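Listed here are the chains, written in short residue letters.
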Amino acid sequence: MLIKRKRGWEVAERDATPESTYMNRRSLVKALAAGPLLAMGGGLAGCWDEATASNPPQIVDVPPDPSAHLYPVQRNLRYKVERQITDEADATTYNNFYEFGSHKSISIAAQALKIRPWTVTFDGMVEKPVSIGIDDLLKQMPLEERVYRHRCVEAWSMIVPWSGFPMAKLVELAKPLSSAKYIKMQTFQDPEIAPGQKQHWYPWPYVEGLTMAEATNELAFMVTGVYGKPVPRQMGAPLRLAVPWKYGFKHIKSIVRFTFTDKRPVSFWEEIQGAEYGFWANVNPKVNHPRWSQATERTLSGPRVPTQLYNGYTEYVADMYKDIKGENLFI
Ligand code: MTE
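Residues numbered from 1 in each chain as written. Predicted model: local features only at pLDDT ≥ 70, side-chain atom pairs only at ≥ 80, totals over all residues. Heavy atoms only, no water.

**Quick word on the nonpolar core**
We apply this condition: We define the nonpolar core as a collection of buried residues of types Ala, Val, Leu, Ile, Met, Phe, Trp, Tyr and Cys that are connected through side-chain atoms lying within 4.5 Å of one another. For each residue, the accessible area found with a 1.4 Å probe, counting protein chains only, is set against the maximum for its type, and the residue is called buried under 20%, exposed over 50%, and partly exposed in between. Contacts were defined at the residue level, with two residues in contact if any of their heavy atoms lie within 4.5 Å.
Met167, Phe258 and Phe260 are the most contacted members of the largest nonpolar core, which totals 93 residues. With near-sequence residues (within four places) excluded, phenylalanine 258 lies in contact with Val120, Thr121, Phe122, Asp123, Met167, Leu170, Ile183, Lys184, Met185, Met222 and Leu239.

Dropping the structure here:
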């Protein structure tokens, strides 16, 4: 059997889902003008399309998010970032979400994602497996806003005002057994609305994992909103992860399942190319990826800046790794 393995974000233009495929699939969304449509098509991973940024695609006819009344929420000033917040139009039109295409311009295609009903399941090593609707979950969680750095392994970055709640609160709700060592998280799977999931060489569904210490670290944040509104579909509605000291591929989107386990999960990109995308994936300017120097980063609405160890969050996270030997913590 021939298995075609893709190398992370090294994506050939032919693999980008043709825009016609997803535009025909759903009449939910329309671009208002031909200009933005042309700008969207076929961008290669890692190419920043100025035309798309200055003239973002318009999205119409998408069912409203029923959690909209919850936002904006109060900003938690403990987490400060010295750079300017990235323009909303840039952050919401330059996205990695391979379920909707292996390029950056998936913001319109992602509108096909149905975000209600949305059920989140907690299972594995827990006192009792449970499933809960996203709106019931939101009612039980203390929402706040946090401005975090967001650094992709492709060496671009943004500053994002996420809304959501500490992941530690989610773990508390799930009641894991003391023997659980890791949390495996899983994205929805529905190739009918997510054409990328028809690309059989990817190991769908998207999976990510954290240690229990990482998941309960004060920085680990479950995102439900951004820019004072519900998080849009292209950024991982209705529930995604933000672990700002790690590369962006750890920030799994549109999560439906949290499984507590004593076995280290193999994540989506790790399964594809473990030597390049490891389990830990902590940011380090001195450890380069084979295709991207990590010394500096290109900010989406600003200049190129030096990258910081643990993406600037050393004081919060370094202790978790001090006793781990023989592992590459930065891949
Ligand atoms: N989650 C899912 N389910 N599918 C994806 O393709 N891409 C990851 C991560 N989460 C991805 C995902 C990568 S590579 C990055 S850099 C971030 O999402 C991008 O998040 P953003 O589009 O909100 O900036």
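**Examining the pairing of strand S2 (residues 130–133)**
Selection criterion: By the convention used here, strands pair only if DSSP detects at least 2 bridges between them. Helix and strand assignments follow DSSP, with helices taken as H or I runs no shorter than four residues and strands as E runs no shorter than two, numbered in order from the N terminus.
Sheet analysis places strand S1 (residues 119–124) next to S2, joined by four bridges and oriented antiparallel. Across the sheet, residue threonine 119 finds its bridge partner in S2, namely glycine 133. Between the antiparallel neighbours S1 and S2 lie five residues.

**A look at helix H6 (residues 167–174)**
Here is the rule we go by: By definition, the arc is the one covered by directions from the helix axis to the C-beta atoms.
Taken together, the buried positions of H6 are Met167, Leu170, Val171 and Ala174. Burial along H6 is one-sided: seen end-on, the buried residues are contained in an arc of 100 degrees. Immediately downstream of H6, the backbone of lysine 175 shows phi near 50 degrees, a positive value.

**A short note on the confidence of the model for the chain**
The condition that has to hold: Scored from 0 to 100, pLDDT records how confident the predictor is in each individual residue.
Overall, the prediction assigns the chain a mean pLDDT of 86, with 82% of residues at 70 or greater. A low-confidence stretch, residues 1–54 stays under pLDDT 50, and its non-local contacts, those more than four residues away or across chains, total 117 contacts.

**Describing the pattern of salt bridges**
Quick reminder of the rule: Basic side-chain nitrogens of Lys or Arg form a salt bridge, by our definition, when they fall within 4 Å of a carboxyl oxygen of Asp or Glu.
Inspection of every chain in the model, using the stated rule, returns 18 salt bridges. With a shortest N-O distance of 2.7 Å, lysine 246 and glutamate 214 are connected by a salt bridge. In this pair, lysine 246 sits in the loop between strand S9 (240–242) and strand S10 (255–261) while glutamate 214 sits in helix H7 (residues 212–215), placing the two residues 32 residues apart along the sequence. Given the relative accessible area of 0%, lysine 246 is considered buried. Note that arginine 291 is salt-bridged to glutamate 276, the shortest N-O span being 3.2 Å. You can see arginine 291 sitting in the loop between helix H8 (268–273) and strand S11 (296–299) and its partner glutamate 276 sitting in the loop between H8 and S11, a full 15 residues away along the chain. Residue arginine 291 is classed as partly exposed on the basis of its relative accessible area, which comes to 26%. A relative accessible area of 9% means that glutamate 276 is categorised as buried. The structure contains a network of salt bridges with shared partners spanning Asp65, Arg116 and Asp135.

**So, the pairing of strand S4 (residues 156–166)**
Of all eleven residues in S4, eleven are buried; the element is thus mostly enclosed. Relative to S4, strand S3 (residues 144–151) is paired through eight bridges, and the arrangement is antiparallel. The partner of histidine 150 across the bridge, within S4, is methionine 158. Connecting S3 to the antiparallel partner S4 that follows it, the hairpin turn spans four residues, and alanine 155 within it adopts a positive phi of roughly 75 degrees. Across two bridges, the pairing between S4 and S11 is parallel. Counterpart to serine 157 in the pairing with S11 is threonine 299.

**Re the sheet that holds S2**
Using the following cut-off: Only C-alpha atoms enter the line fits that serve as axes; for helices the fit covers just the stretch in contact. Angles between N-to-C directions range over 0 to 180 degrees.
Pairing is mixed across the open sheet formed by five strands, whose spatial order is S2-S1-S10-S5-S6. Each of the sheet's edge strands pairs with one partner strand only, and the pair in question is S2 and strand S6 (207–211). Averaged over all pairs of adjacent strands, the angle between their axes in this sheet comes to 20 degrees, without regard to strand direction. Sheet topology note: the S1/S10 ladder contains four bridges and is parallel. Each bridged residue has a counterpart across the sheet, and for aspartate 123 the counterpart in S10 is threonine 259. Each of S1, strand S5 (182–187), S6 and S10 touches H6; the most contacted strand, S10, lies at about 65 degrees to it.

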